[in-house]
Structures are given as C-alpha cells and as structure tokens.
Amino acid sequence: MANTVVTEPRINNEKGSRKWSSNISISKYIAYLFLIFLCVIFAIPVIFGITTSFRSQTEVVSAGFRLLPVNWIFDNYVNILENTSTAPIMLWLRNSLYIATFHTLLVVVVISITGYGYSRMNFRGRDTLFFTLMGISFFPGVVNLIPSYKIIDALGWVNTSWAMIIPGLAGMGNIFLVRQFMNNIPKELDESARVDGASDFRIYFSIILALVKPVLIVCALFSFTGSWNDFLWPVIVYTDVDKMPVTAGLLLLQDIYGNYRMIGQLMGSAILAIIPTLLLFLFAQKYFVQSINLNSGIKG
Amino acid sequence: MKKKLNLAPVFFVGPHLILFAVFIFLPTLYGIYASFTKWNLMSDPVWVGLDNYRTILFDTESTFHTQFNNGLRNTLVFVALSVPLLIVIPLMVAVALEHKKVKMKTLIQSILYIPGLISISAAALIWSLMFNKQLGITGNVFGSDTAWAAHQPYAWIIIIVLTVWGGVGGNMIIYRASISGVGQDLYEAAEMDGAGSIRKFFSITLPSIRFPLIFTFVMTTAGAFNVFGQPLMMTDGGPQQSTHVLMMYIRQLAFGNGESIAGMASAMAVLLGLVILVISALQYYVMNRNAT
C-alpha cells in the first residue's frame, strides 16, 4: 500500500464511482440534508446575534423574534468606538491580539518538542511520567486558581501580558493530542534516519514536524481561540483597564451596559471581539482538509 | 563499564516539565493542601485534617453534603446529556463533509464552527433572547408559553442546546484533520472491492481515527465535568437547584458573596478531580484495549 502511484488510482476511482453512482448519490443527499439542517440551526442564532447589534434597544425588547431588524441602525457601533474612556475596545483588541499571537507561537514550539519527547524518544519512565502529568492536570482549575495567582504575583506578572502568555504553556491537552498523532507515524521513519546518523533534533525538525502539521494547526487555532476567549483568569490578573484583553473588557462592559439595558452595544462589542479569531479560522481551515498521506510518507 | 548518559530527552521534555511544575503542579499541590484546612483566602490556612472531606461525604446534616451530592448528580446529568452529542454530531459532520460529491465544504465547516468563537457571555445572551418567552423563537415561532429556564426538562434543553451549538465545531475540526491524514489509497482499494459508504466508515475511517476519538472523548468528558458557564448564565441553577452543577457550588464557596470557605471548596474540587481522573483513566483504558 505504500507504493501506490498517486495519479493512477484516481483515474480508476472515477470509473469506479460511475459504477457505484446510484449508491453515491443517495448517500450524497443524506449527507446534504443532514449538513443543511445543521447549518440552518447553527446559523440562526449567529445571524440573530449579529443583527441584534444593528437594532435599537426599543426594537430588541418590543418587536418579538425577527431574524432581521425592522430598522437597521449603526448607533451601537458608533457608541462602542467613541466610548474610549471607560471602554477602550480597540486597545483591548490590540492587547488580546498581542497576547494570543505570542502565546500561540510558543504553544506550537512547546507542544511539538514535548510531544516528540513523549512519543518518539525512549527513556526510562517515559509513559509513567506522561500519564502522571495527565492525571495531575485533570484536577479542576479552581483547585489551583488562588495558588496560581500567588505565583504570578511572586513573579511580578500581575497586570502584564506574561500572566496570559506563559502559564497556559504548561497545559497537557494539546501535548496529548500531538503525542497521539506522532504515535501513529510509523517507527521505521525515524529509525532509518537514525541509522543514517541523524540526531533527534534533526528527526524532529525535518521529518516529524512536517507530518504533524495539520494537528499543530488545529492546536494553534485552539490555543489562539482559548487564549482569546479566556475570561476567568484575565479578570483575576488584570486590574489595569488599559492592559486588559478584550474578554475581561467585555465583562466590564456587561457592568457598564447592564445585562438587558444596552443589548445592541453588548452584542456589537462581542461581534468585534470575534473578528480576529474568525479570520484566523478562515485562514487555517484549508489546512485541515489538506491531505497528508502517512503511508506514502514511508517512501521518504 | 561507563554508560553514556543520554541528555536528549532532557532537552525535549525538560522545558515543559519546568513550566508544568511551576504553573500546574505547585498550585495543584497547594490546592490539595488547602483542602485539609479551614481557609478564607485572607488569613493563613488552618490545618483541620480530614474534617472537610468527612463533612462533605458523610455528614448528612450538613449543607455541604447536600450541595456536593446535588451538584455532582447534576454534573453527571450534564455529562451524560452533552458528551454523546458532542462526539457523535461532529463525527457525522466530518464524515458527511468527507463525501466527495458534497460541495461548499468550507462554507459549511465555517457556519458550524463560528458559534464556538463567540464568547460564552455573548452566546448566553443570544440564547437567552432566543428562548425568551416574549422576544424569542420559542414563544413567537413555536407558540410555547413556557418560561423555558424555569421548567424542566426545558432548563436542561436550553443548556444542552447552547453547549452543543458552541461545542460541535472544535471536535469536528479534530476529526476533519484526522480523516485528512487517512491514506486515500485505503478508500480507493475498498471502493474497488465494492465497499459502500457505511462499510468504508466502519472498516477504514473509524479504526484510523481511533486516537483522535479517544482524545476527544476523554477531553470532552473532562471538560463537561467542569461545566459552569452555561447553567450559570442560562438557568442560574434552577429550577429548584436541578441544574446547579458542582462547579457552581465550588465557586460560590470559594469566591461567592460572604465569607470565603476556600478549604471546603478545595476539598470538593479535589473530589471532583478524582472523579474526572478515574473516569478519564477508565475511558482511555477501555477504548485503547478494545481498539487493538
């Protein structure tokens, strides 16, 4: 199976699919029906949320359920952007962008190196160590919330970006994922490279890294979104309004705008806050479907 | 006989180990220590031994005992309702998107992922409006006169709807990335043998992505045990405490209004951590064994 030529089976396959066309078209309609049904259900609240940011407060509380506003207004966004003294949202967005970008870059470095260590290297107690760390990391965050704050305080990181960038690098979830993907890569690959005298760093850098690219992109996306949307931790470590990331700021806005008093403004701020993560997702998603064939990888 | 010490693993595993020690191990250790103390976050913890655990587990008179039992039961209900949906729906989506003849994959994938990008407070606001008796879809479109958050089973339904809506995207992405790594030649060989879609799914796709499946199953379950935001914002624990999950009690005790009872909260968190640990280990063990 390793040595199939890429182009030829494709041609065969097209002939093959014609033969099975009735079968394929039925499954195609089932797949479509399911996906469209789900898309409609998933999209309605999103559209409703977006259009709410273009509604006046009177309309929100009196017009009943409408997917589109009766009158489109832009006051909410104008107010959000003008209110820079109590709610400097552009500044918060810039802080978040800085934090999430640095955090994500470091995550990718740490998880790929560490994943390599726990998957491709042999040392005594490797799996015991790994599963002990996993076990410890399963304790709910509230157990260590206050002690974590004390450590951040001792390091002098309160009200700095370090408090958001560094602690999250210790997490085990992404490392587990990367390790599992690396376990799936045939051992022969690095063994033959090792016979040729390649060092671990070289194997990591020129062989394994390329093969786990899709999962690294997934982890990067999750880290970015996770860092961007984290709100419990920033609320604890930031007291300085100008240094805050956007989620902590949105929480402030909830106090300023009130839960049901200025829904349009609240929604508008939330919409502004998802734009960067949305752009990253749109950019990253083409890599998920980019087929990497691990089997043909053996040929090296 | 001098054995050459291999320092390479230290380089690969060491940096993360230091991070782990400082930012997870030490704080967790301190949290576990705190569970054996009486502590209000202000003054120093006072050692009380197993008192907190005894109260939570065996003192039927105590409110902590009732809170823990009720919270754990509700958390288990949430796990049982949400986890199967958060595994099966994303898997079905990923497989349906794999279908060669399906177009607009990128658009569909984006629509299903976007809810996951919306912060929990904004998401809860949207759904509160959607389920609002006067303003929302339940009253206006379905003609339901019920205040959903205040009645069961609707209270669970709105929590689960919000959870699934926001959570499907993440697992879907993991499955998509995993399926993209499955060798196309395997499918082609199977097609030439006349295998249909269902056969291909069970014989090729499922076995090939069993590690991502284990991962998502374990992590989704562990995440579900930590549920907190959705019930807090959608139902505030009601009606009659039936959606009051354990994490809500823990946070109330530690950081709520009034004097902090952080020692007791830590003990509950440690017990919850042990439950998660046992269940995760069981899942990993069972799935890993059955798959091979």
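Residues numbered from 1 in each chain as written. Chains lettered and ligands numbered in written order. Predicted model: local features only at pLDDT ≥ 70, side-chain atom pairs only at ≥ 80, totals over all residues. Heavy atoms only, no water.

Undergrad: An account of the UniProt feature "transmembrane region" (unreviewed entry) in chain A is requested, with residue identities and associated values reported.
TA: Residues and elements named next belong to chain A. In this numbering, the UniProt entry assigns the feature "transmembrane region" (unreviewed entry) to residues 29-50, 97-118, 130-149, 161-182, 203-224 and 262-284. As a span, residues 97-118 carries 100% helix and 0% strand, and end to end its C-alpha atoms are 31 Å apart. Annotation note: span residues 130-149, helix share 85%, strand share 0%, distance between end C-alpha atoms 25 Å. (UniProt positions renumbered as here; feature names shortened; annotations may be inferred. Helix = DSSP H or I, 4+ residues; strand = E, 2+ residues; numbered from the N terminus.)

Undergrad: Provide a residue-level description of the side chain of S119(B), including the pertinent values.
TA: Its location among the elements puts S119(B) in the loop between α4 (105-113) and α5 (120-130). Other than its neighbours up to four places away in sequence, S119(B) contacts N229(A) and L250(A). (Contact = heavy atoms within 4.5 Å.)

Undergrad: Can you lay out the side chain of T28(B) for me, pointing to particular residues and giving the numbers?
TA: Secondary-structure assignment places T28(B) in helix α1 (residues 8-34). Judged by relative accessible area, T28(B) falls into the buried class, the value being 2%. In this structure the side chain of T28(B) is engaged in a polar contact, spanning 2.6 Å, whose partner is the backbone oxygen of I24(B). Non-local contacts of T28(B), meaning those with residues more than four positions away in its chain, are made with I136(A), F139(A), V143(A) and N144(A). (Buried < 20%, exposed > 50% of the residue type's maximum accessible area, 1.4 Å probe, protein only. Polar contact = N/O pair within 3.5 Å; in protein donor to acceptor, adjacent residues only side chain to side chain.)

Undergrad: An account of the UniProt feature "transmembrane region" (unreviewed entry) in chain B is requested, with residue identities and associated values reported.
TA: Residues and elements named next belong to chain B. When the UniProt feature table is mapped to this numbering, "transmembrane region" (unreviewed entry) covers residues 7-33, 76-98, 110-130, 154-174, 209-228 and 261-286. Between the end C-alpha atoms of residues 7-33 there is a gap of 34 Å, over a span that is 96% helix and 0% strand. Between the C-alpha atoms that bound residues 209-228 the distance is 30 Å, and the span itself is 80% helix and 0% strand.

Undergrad: Mind laying out the interface of chain A and chain B, listing which residues take part and the relevant values?
TA: Across the boundary between the two partners, chain A contributes 107 residues, which contact 101 residues of chain B. Summed over both partners, the interface of chain A with chain B buries about 9100 Å², with 77% contributed by carbon and sulfur atoms. Counting across the chain A and chain B interface gives zero salt bridges. Tallying contributions element by element places helix α2 (residues 21-52) of chain A first for the side of chain A that touches chain B, with 19 residues. Of the residues in the side of chain A that touches chain B, the class split is 73 nonpolar, 29 polar and five charged. (Buried area = accessible area lost by both parts, 1.4 Å probe. Salt bridge = Lys/Arg side-chain N within 4 Å of Asp/Glu carboxyl O. Nonpolar A, V, L, I, M, F, W, Y, C, P; charged D, E, K, R; others polar.)

Undergrad: I'd like to hear about a nonpolar patch on the surface, residue by residue, with values.
TA: A cluster of nonpolar side chains, I47(A), L67(A), L68(A), W72(A), F74(A) and V78(A), forms an exposed patch at the surface whose accessible area comes to about 560 Å². Within the element layout of this structure, F74(A) appears in the loop between α3 (57-62) and α4 (75-82). (Patch = residues over 30% accessible without salt bridge, like charges linked within 9 Å, V, L, I, M, F, W, Y side chains within 5 Å. Areas by Shrake-Rupley, 256 points an atom, 1.4 Å probe, with all protein chains shown as cover.)

Undergrad: I'd like to hear about the pattern of salt bridges, residue by residue, with values.
TA: Applying the stated criterion across every chain yields a total of nine salt bridges over all chains. Its salt-bridge partner being R126(A), residue D127(A) comes within 3.0 Å of it at the nearest N-O pair. Across the pair K200(B) and E191(B) runs a salt bridge, and its minimum N-O distance is 2.7 Å. We classify K200(B) as buried; its relative accessible area is 14%.

Undergrad: Outline the packing of helix α15 (residues 263-284) of chain A against α5(B), listing residues and values.
TA: Interaxial distance between α15(A) and α5(B) falls to 10 Å at its minimum, and their mutual angle equals 135 degrees. Here α5(B) runs oblique to α15(A), going by the angle between their axes. Judged by the twist between their axes, the crossing of α15(A) over α5(B) is left-handed. Listed contacts from α5(B) to I263(A), L266(A), M267(A) and A270(A) of α15(A) are A122(B), L125(B), I126(B) and L129(B). Taken together, the residues of the contact of α15(A) with α5(B) sort by class into eight nonpolar, no polar and no charged. (Axes fitted to C-alpha atoms, helices over the stretch in contact; angles between N-to-C directions. Parallel < 35°, antiparallel > 145°, perpendicular 65-115°, else oblique. Left-handed = near helix turned anticlockwise from the far one by under 90°.)

Undergrad: Account for helix α10 (residues 188-195) of chain A, naming residues and giving values.
TA: Residues and elements named next belong to chain A. Looking at α10, one finds that the buried residues are L189, D190 and A193. Along the long axis of α10, the arc covered by the buried residues comes to 80 degrees, so they all point the same way. In α10, the exposed positions that point more than 90 degrees away from the buried face belong to E188 and V195. G197 sits one or two positions beyond α10 and adopts a positive phi of about 95 degrees. (Arc of directions from axis to C-beta.)

Undergrad: Can you lay out the environment of S25(A) for me, pointing to particular residues and giving the numbers?
TA: Assignment of secondary structure puts S25(A) in helix α2. S25(A) sits 209 residues away from P234(A) along the chain, and the two C-alpha atoms are 51 Å apart.

Undergrad: Before we move on, can you summarise the packing of aromatic side chains with the specific residues and values?
TA: Scanning the entire structure with this criterion turns up 31 aromatic pairs over all chains. When the ring of Y118(A) is compared with that of F130(A), the centres are 5.1 Å apart and the planes differ by 55 degrees; the resulting orientation is tilted. Here Y118(A) is found in helix α5 (residues 89-120), whereas its partner F130(A) is found in helix α6 (residues 126-137), with twelve residues between them in sequence. Residue Y118(A) is classed as buried on the basis of its relative accessible area, which comes to 0%. Judged by its relative accessible area of 0%, F130(A) falls in the buried class. Aromatic pair Y30(B) and W39(B): ring centres 5.9 Å apart, planes at 70 degrees, arrangement edge-to-face. (Phe/Tyr/Trp six-rings, centres within 6.5 Å; stacked < 30°, edge-to-face > 60°.)

Undergrad: Run through the domain arrangement of chain A, naming residues and quoting values.
TA: All names here are of chain A. As far as domains go, chain A holds domain 1 (2-75) and domain 2 (77-290). Each partner contributes to the interface: domain 1 provides nine residues, whereas domain 2 provides eleven residues. For the pair domain 1 and domain 2, the summed buried surface comes to about 790 Å²; carbon and sulfur atoms form 60% of the total. Area buried by domain 1 at its contact with domain 2 is led by S53, Q57 and D75, which between them contribute 52% of it. Across the contact surface, domain 1 and domain 2 share zero salt bridges. Inspection of the domain 1/domain 2 interface yields seven residue pairs in polar contact (both at pLDDT 80 or more). Put simply, the parts of the chain that give the side of domain 1 that touches domain 2 at least two residues each are α2 and α3. It is α2 that provides the largest number of residues to the side of domain 1 that touches domain 2, a total of three residues. Partitioning the side of domain 1 that touches domain 2 into residue classes produces four nonpolar, four polar and one charged. (Domains from an automatic or database assignment.)

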